[in-house]
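The chain contents come next:
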Amino acid sequence: MVANAEKVTQKKAEQKQHPSGDKRFKALDITMKRNQYRQDALIEILHKAQEAFGYLEEDVLLYIARGLKLPLSRVYGVATFYHLFSLKPSGAHSCVVCLGTACYVKGSGEVLAALEKKACIHQGETTEDGQMSLMTARCIGACGIAPAVVFDGEVAGKVTAEQALERIEKWGIGNG
Ligand code: FES
């Protein structure tokens, strides 16, 4: 019985997930809940969101605004005011390397170094031709498939440096 009840609760929780099924929104839900959806916890929540996503995009800001019942303009205003937050990068493609503990011990640091070298940029930067932005995050909720990298919003697991380089080569990075 208990197991069944647990299953139902779990199912309910799953149903409440962001429609994209992206687990990172779940981490955001937990943070908002832990802060009792208090509007004055906005900065802390934005911080957590940036850790999970690597940067703040409109979809995420909207999700937070809804959760805290704040106007999007207010959330957007706070996110742009503080330099510690970065908004959606400007590159045509985006690559977010997870540097959380699980990923780091499985070699995401090397993956990041290889990408930086290939694209001739550092984390947080966009290539000169605007083709790719390279970002980092701290735990994107995919520890089971560490090291994880998000290529254009799609989470890839057990990524080696070679695979990551192949992926960005397809975007035309570092070919010339
Ligand atoms: S540490 Fe990378 S997904 Fe959790």
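Read on for an overview of the structure. (Residues numbered from 1 in each chain as written. Predicted model: local features only at pLDDT ≥ 70, side-chain atom pairs only at ≥ 80, totals over all residues. Heavy atoms only, no water.)

### Here we look at the packing of aromatic side chains
Filter applied, for reference: Stacked, tilted and edge-to-face are the three classes assigned to paired rings of Phe, Tyr and Trp, where Trp is represented by its six-membered ring and a pair needs centres within 6.5 Å; plane angles under 30 degrees give stacked, over 60 edge-to-face, the rest tilted. The way it works is that DSSP assigns letters per residue, a run of H or I at least four long becomes a helix, a run of E at least two long becomes a strand, and they are numbered from the N terminus. Using a 1.4 Å probe on the protein chains alone, a residue whose accessible area is under 20% of its type maximum counts as buried, one over 50% counts as exposed, and one in between counts as partly exposed.
Tallied over the full model, the rule gives 3 aromatic pairs. Note on Phe 25 and Phe 53: the rings are 5.1 Å apart at their centroids and 65 degrees apart in plane angle, and the pair reads as edge-to-face. Of this pair, Phe 25 sits in helix 2 (residues 24-34) while Phe 53 sits in helix 3 (residues 42-53), placing them 28 residues apart in sequence. Each member of the pair, Phe 25 as well as Phe 53, carries the same accessibility label: buried. Ring geometry for Phe 25 and Tyr 63: centres 4.8 Å apart, planes at 70 degrees, overall edge-to-face. Of the two residues, Phe 25 sits in helix 2 while Tyr 63 sits in helix 4 (residues 58-68), which places them 38 residues apart along the sequence. Under the relative-accessibility criterion, Tyr 63 is labelled buried at 16%. One aromatic cluster in this structure is built from Phe 25, Phe 53 and Tyr 63.

### Regarding the sheet that holds strand 2 (residues 125-126)
Our working definition: Two strands pair under a simple rule: DSSP has to find at least two bridges between them.
Reading across the sheet, the 5 strands line up as 2-3-1-4-5 and stay open at both edges, with mixed pairing between neighbours. In the strand order of this sheet, the two ends are held by strand 2 and strand 5 (154-156), each with one partner. Summarising the sheet, strand 1 (residues 93-98) and strand 3 (residues 132-137) pair through 6 bridges and their orientation is parallel. When the sheet's bridge partners are listed, His 93 is paired in strand 3 with Met 132.

### Describing empty space enclosed by the protein
We apply this condition: A pocket here means an open set of points on a 1 Å grid, computed over the protein atoms alone, that has protein on both sides within 12 Å along at least five of seven lines. A cavity is instead a set of points where a 1.4 Å probe fits but cannot get out; residues with an atom within 4 Å of a point line either one. Grid points are joined across faces, edges and corners, and a volume is the space filled by probe spheres set on the points. Polar here means any residue other than Ala, Val, Leu, Ile, Met, Phe, Trp, Tyr, Cys and Pro, which are nonpolar, and Asp, Glu, Lys and Arg, which are charged; Gly is therefore polar.
If you walk through the whole model with that rule in mind, you get 1 cavity of 30 Å³ or more. As a volume, the largest cavity reaches approximately 30 Å³. Along its surface, the largest cavity is lined by Cys 98, Gly 100, Thr 101, Ala 102, Cys 103, Cys 139, Ile 140, Gly 141, Ala 142 and Cys 143. Considering each element in turn, the lining of the largest cavity owes the most residues, 3 residues, to helix 6 (residues 101-105). Considering only residue class, the lining of the largest cavity consists of 7 nonpolar, 3 polar and no charged.

### With respect to helix 3
Applicable threshold: Helices are assigned an expected span. That span is 1.5 Å times one less than the residue count. Here, residues are in contact when the closest pair of their heavy atoms is within 4.5 Å.
Counted at 1.5 Å a residue, the expected span for helix 3 with its 12 residues is 16 Å, and the 16 Å between its end C-alpha atoms agrees. Those residues of helix 3 not exposed but buried are Leu 42, Ile 45, Leu 46, Ala 49, Gln 50, Glu 51, Ala 52 and Phe 53. Lining the buried residues of helix 3 we find helix 2, helix 4, helix 5 (72-81), strand 1 and strand 3. Among the residues trailing helix 3, Gly 54 stands out with phi positive, at a value near 90 degrees.

### Section: the layout of surface pockets
As a volume, the second largest pocket reaches approximately 160 Å³. Gln 50, Glu 51, Gly 54, Ser 86, Leu 99, Gln 123, Gly 124, Met 135, Thr 136, Ala 137 and Arg 138 are the residues that line the second largest pocket. If you list the elements that add at least two residues to the lining of the second largest pocket, you get helix 3 and strand 3. Ranked by the residues each element gives to the lining of the second largest pocket, the list is headed by strand 3, at 3 residues. Looking at the lining of the second largest pocket, its residues break down into 3 nonpolar, 6 polar and 2 charged.

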